[in-house]
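Coordinates in review
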Amino acid sequence: MTNTGMKIPDSKLARDVTQFIRDTESELLFLHSSRVFLWGALMGERTGLKFDPELLYVAAMFHDIGLTSHYHESQRRFEVDGAFAASDFLRAYDIPERDVEKVWNAVALHTTPGIPEHMHPEIFLVQAGAGMDVAGRGYEGFSDVQRQEVVAAYHRGENFKYRMIDAFYDVMKHRPHSTFGTFNDDFLAFKDPTFQRADLCSIIHYSPWDH
């Protein structure tokens, strides 16, 4: 626990999730996911949202598992790979299906702006926590003490920004079609000068319809 009052859940499920993610993900992703939970939980507390810390923790820890080498041959969006991994994990613990669905959506939608904030708090807070940790979205809403304590507990390390960009690129460069309609194609465009974004207007224009 930090002086902010936030702590990692200590249930058997949470401990098992921690061990599983620690064994599966790189240190970069494990520490990032831990911070995502803390940012989300702190934001939830600050804004008075009623959320289940255990479900938020599971979703936060699984939200980037689709970026691991296990999924390097997948053709799905990496968020969807993570959502299915989280739901499979939860079903082994007989978690109610309504809660499994919350976690699935929290993981699947964490890179989709404009939707999670209108859904269950756990779904919104994973996206908010990820946005804070990767892009600094909502940075000023946290105190200096909160930011310092979270990073002291789960450090960012050197060149976190560029290592995260590389992590996204490495797992999506073989499935560029999966980035269409999301900001994930920004990672491909940033790293690969030959990458060409899909253009929905051209797709509509050249569709088989006559008019």
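Summary of the structure given here. The structure presented is a predicted model; accordingly, all values stated were derived computationally and were not measured. (Residues numbered from 1 in each chain as written. Predicted model: local features only at pLDDT ≥ 70, side-chain atom pairs only at ≥ 80, totals over all residues. Heavy atoms only, no water.)

**Overview of the overall build of the chain**
On a plain count of helices and strands, the chain comes out with 10 helices and zero strands. In the chain, the succession of helices and strands from N to C terminus is α-α-α-α-α-α-α-α-α-α. Against the 2.2 N^0.38 benchmark of 17 Å for 211 residues, the chain shows a C-alpha radius of gyration of 18 Å, consistent with a compact globule. Expressed along its principal axes, the backbone C-alpha trace of the chain runs to roughly 60 × 40 × 35 Å. Counting across all 211 residues of the chain, residues that qualify as buried make up 48%. If you take every contact in the chain between residues at least 6 apart in sequence, the share linking residues at least 24 apart comes to 65%. Of the roughly 11300 Å² that the chain leaves accessible, carbon and sulfur atoms contribute 54%. (Helix = DSSP H or I, 4+ residues; strand = E, 2+ residues; numbered from the N terminus. Rg over C-alpha atoms; globule rule 2.2 N^0.38 Å. Buried < 20%, exposed > 50% of the residue type's maximum accessible area, 1.4 Å probe, protein only. Contact = heavy atoms within 4.5 Å. Areas by Shrake-Rupley, 256 points an atom, 1.4 Å probe, with all protein chains shown as cover.)

**With respect to the packing of aromatic side chains**
Tallied over the full model, the rule gives nine aromatic pairs. Between Phe20 and Phe89 the ring centres are 5.3 Å apart and the planes differ by 45°, which places this aromatic pair in the tilted class. Of the two residues, Phe20 sits in helix H1 (residues 12-24) while Phe89 sits in helix H4 (residues 78-91), which places them 69 residues apart along the sequence. On the basis of relative accessible area, Phe20 is assigned to the partly exposed category, the value being 34%. Counting every residue linked through ring pairs, the aromatic cluster contains Phe20, Phe62, Phe89 and Tyr93. The aromatic ring of Phe160 is capped on one face by Arg35, whose charged end is 4.9 Å from the ring centroid. Its guanidinium or amino end placed over the ring of Phe142, Arg46 lies 5.0 Å from that ring's centre, counting from NZ or CZ. (Phe/Tyr/Trp six-rings, centres within 6.5 Å; stacked < 30°, edge-to-face > 60°. Lys NZ or Arg CZ within 6 Å of the ring centre and 35° of its normal.)

**A word on the packing of helix H2 (residues 27-47) against helix H8 (residues 160-172)**
The description of two helices packed together rests on the angle between their axes and the distance between the axes. Between H2 and H8, the least distance of the axes is 11 Å, while the angle of their chain directions is 110°. Considered as vectors, H2 and H8 are oriented roughly perpendicular to each other. For the pair H2 and H8, contact is made by Leu28, Leu29, His32 and Arg35 and by Phe160, Arg163, Met164 and Ala167, respectively. The residue inventory of the contact of H2 with H8, partitioned by class, reads five nonpolar, one polar and two charged. (Axes fitted to C-alpha atoms, helices over the stretch in contact; angles between N-to-C directions. Parallel < 35°, antiparallel > 145°, perpendicular 65-115°, else oblique. Nonpolar A, V, L, I, M, F, W, Y, C, P; charged D, E, K, R; others polar.)

**Here we look at H8**
The end-to-end C-alpha distance of H8, which contains 13 residues, comes to 19 Å, matching closely the 18 Å that a straight helix rising 1.5 Å per residue would cover. Within the span of H8, buried status applies to Phe160, Met164, Ile165, Ala167, Phe168, Tyr169, Val171 and Met172. Buried residues in H8 make contact with H2, H4, helix H6 (121-135) and helix H9 (185-191). (Expected span 1.5 Å × (residues − 1).)

**Some thoughts on the environment of Met164**
Secondary-structure assignment places Met164 in helix H8. It is 25 Å that separates the C-alpha atoms of Met164 and Gly44, two residues lying 120 residues apart in sequence. Ignoring any residue separated from it by four or fewer positions in sequence, one finds Met164 in contact with Leu28, Leu29, His32, Asp64 and Val134.

**Some points on unusual backbone geometry**
Positive phi, normally seen in glycine, also occurs at Asp94, with a value near 55°. Despite not being glycine, Asn159 has its phi angle at roughly 55°, a positive value. Here Asn159 is to be found in the loop between helix H7 (144-153) and H8. On the basis of relative accessible area, Asn159 is assigned to the exposed category, the value being 52%.

**Concerning the pattern of salt bridges**
Applying the stated rule across the entire model yields 15 salt bridges. The partner of Asp99 in a salt bridge is Lys102, and the shortest N-O contact between them spans 4.0 Å. Of this pair, Asp99 and Lys102 both sit in helix H5 (residues 97-108), separated by three residues, roughly a single helical turn. Between Asp185 and Arg197 there is a salt bridge whose closest N-O contact spans 2.7 Å. Of this pair, Asp185 sits in helix H9 while Arg197 sits in the loop between H9 and helix H10 (200-205), and the two are 12 residues apart along the sequence. When its relative accessible area of 12% is taken as the criterion, Asp185 is described as buried. Each of Arg35, Asp133 and Arg156 takes part in one network of salt bridges that share partners. (Salt bridge = Lys/Arg side-chain N within 4 Å of Asp/Glu carboxyl O.)

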